[in-house]
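Fold and contact review
Here's the letter readout for the chains.
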Amino acid sequence: MKTFLFCMLGLSIAACTPKKASNNQDELAMLVGTYTNGTSKGIYTFRFNQETGVATPLDSIELANPSYLTPSEDGKLVYAVSEMNDSTASLNTLSFDKETGSMRLLNTELTLGGDPCYVATNGSKVVTANYSGGNMSVFSLRKDGTATPIDTLFEGTATGPDTIRQNTPHIHCAVFSPDGKYIFATDFSSDRILRFVLHPNAATPHPSMETTDIEADSGPRHLTFSPDGKYAYLITELSGK
């Protein structure tokens, strides 16, 4: 299922939820990721006015299928996938100026898994969920925020009952828990959530034995946490719950 990511950043703060900035309370910087198999170039930035709904174009940068992206906590960097179903599938690190909307590609690293469709960061690591690759890629970050070559891959499985949609592994989403202790990934083709423990002194997260099973034939897609971190909310693509 194809989706675009629209990400809005306050002009004096960095957040993907609309918050008012102190200098110009009604305007946000907006990033739009796209698919490029048509006329689209890649990522576009806009000045978005919350009062009028007007989006004024600022900048664009050419990237292959940057379908999903996420900013760093300070809003100065953007991590975007190139959702390609071949060996060019990759993670891109870009610099971003919230005031001007300008972007610059800093580096690109291969995900080693086809169709990366989700990306998340905790400031020291970046993870991508690779849908057709059926795995999760883990990258460390340098001091300047750019991603290093991939640390490791964690593989999903295919044990679900849907012989068409769940016949091969698919990892659809990977997120950091609010307390920073874990990574959770949706194992679409096995109807379960995978938990990985983040050890502060280790180079890569280590898989724990814990998984959470979801109702069979559900197809877990995206996961998000409540602000206090006490609850997680999951949407399932096959069962629509």
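Heads up: the structure comes first, above all this text.
Before going into details, it helps to say that this report is about the structure given with it. (Residues numbered from 1 in each chain as written. Predicted model: local features only at pLDDT ≥ 70, side-chain atom pairs only at ≥ 80, totals over all residues. Heavy atoms only, no water.)

Here 7 bridges tie strand S7 (residues 90-96) to strand S8 (residues 103-110), and the two strands are oriented antiparallel to one another. Opposite serine 95, over in S8, you have arginine 104 as the bridge partner. Taking the residues that link successive antiparallel strands as the turn, the S7-S8 hairpin has 6 residues, and the phi of glycine 101 there is positive, at about 80 degrees. (Pairing = 2+ DSSP bridges. Helix = DSSP H or I, 4+ residues; strand = E, 2+ residues; numbered from the N terminus.)

Relative to the helices and strands, threonine 111 is located in the loop between S8 and strand S9 (116-121). Given the relative accessible area of 0%, threonine 111 is considered buried. A polar contact is formed between the side chain of threonine 111 and the backbone oxygen of glycine 113, at a distance of 2.8 Å. Apart from residues no more than four positions distant in its own chain, threonine 111 is found in contact with Ala89, Ser90, Leu91, Pro116, Thr128, Asn130, Ser137, Phe139, Ile150 and Leu153. (Buried < 20%, exposed > 50% of the residue type's maximum accessible area, 1.4 Å probe, protein only. Polar contact = N/O pair within 3.5 Å; in protein donor to acceptor, adjacent residues only side chain to side chain. Contact = heavy atoms within 4.5 Å.)

As a further point, take the packing of aromatic side chains. Applying the stated criterion across every chain yields a total of 5 aromatic pairs. Plain terms: the ring middles of tyrosine 68 and tyrosine 118 are 4.5 Å apart, the flat faces sit at 25 degrees to each other, and that makes the pair stacked. A residue pair is termed long-range when its members are at least 10 positions apart, and tyrosine 68 in the loop between strand S4 (55-62) and strand S5 (69-71) and tyrosine 118 in strand S9 qualify at 50 residues. Exposure remark for tyrosine 68: the relative accessible area of 15% places this residue in the buried category. Taking the relative accessible area as the measure of exposure, tyrosine 118 reaches 11% and is therefore buried. (Phe/Tyr/Trp six-rings, centres within 6.5 Å; stacked < 30°, edge-to-face > 60°.)

Moving on to the pairing of S9. Taking burial as the measure, the 6 residues of S9 include 5 buried ones, the bulk of the element. One ladder, built from 5 bridges, connects S9 with strand S10 (residues 125-130); its direction is antiparallel. When the bridges of S10 are listed, proline 116 appears paired with asparagine 130. If you look at the hairpin formed by S9 and S10, you'll find 3 residues sitting between the two strands, and glycine 123 has a positive phi there, around 100 degrees.

Applying the stated criterion across every chain yields a total of 7 salt bridges. In this structure, the salt-bridge partner of glutamate 237 is arginine 165, at a minimum N-O distance of 3.0 Å. Taken together, the residues glutamate 237 in the segment after strand S18 (232-236) and arginine 165 in the loop between strand S12 (152-155) and strand S13 (171-176) connect sequence positions 72 residues apart. Residue classification places arginine 165 among the partly exposed residues on the basis of a relative accessible area of 28%. In this structure, the salt-bridge partner of glutamate 237 is arginine 221, at a minimum N-O distance of 2.7 Å. (Salt bridge = Lys/Arg side-chain N within 4 Å of Asp/Glu carboxyl O.)

What follows concerns the environment of lysine 41. Among the secondary structure elements, lysine 41 is positioned in the loop between strand S2 (27-32) and strand S3 (42-49). Exposure remark for lysine 41: the relative accessible area of 43% places this residue in the partly exposed category. When the C-alpha atoms of lysine 41 and glutamate 62 are compared, they prove to be 4.9 Å apart, with 21 residues separating the residues in sequence. In this view, lysine 41 contacts Thr36, Ser60, Ile61, Glu62 and Leu63; residues no more than four positions away in its chain are not counted.

With that settled, consider the sheet that holds strand S6 (residues 77-82). Strand order in the open sheet formed by 4 strands is S5-S6-S7-S8, with antiparallel pairing between adjacent strands. With one partner strand each, in any of the chains shown, S5 and S8 form the two edges of the open sheet. Averaged over all neighbouring strand pairs, the angle between strand axes comes to 20 degrees, with direction disregarded. With 6 bridges connecting them, S6 and S7 associate as antiparallel partners. Note on S7: the bridge partner recorded for leucine 77 is serine 95. (Axes fitted to C-alpha atoms, helices over the stretch in contact; angles between N-to-C directions.)

Quick look at the environment of aspartate 59 now. With respect to the helices and strands, aspartate 59 occurs in strand S4. With 41 residues separating them along the chain, aspartate 59 and threonine 100 place their C-alpha atoms 8.2 Å apart. With residues up to four places along the chain from it excluded, the contact list for aspartate 59 reads Ile43, Tyr44, Thr45, Gly101, Ser102 and Met103. Here methionine 103 takes part through its backbone nitrogen, which lies 3.1 Å from a polar atom of the side chain of aspartate 59.

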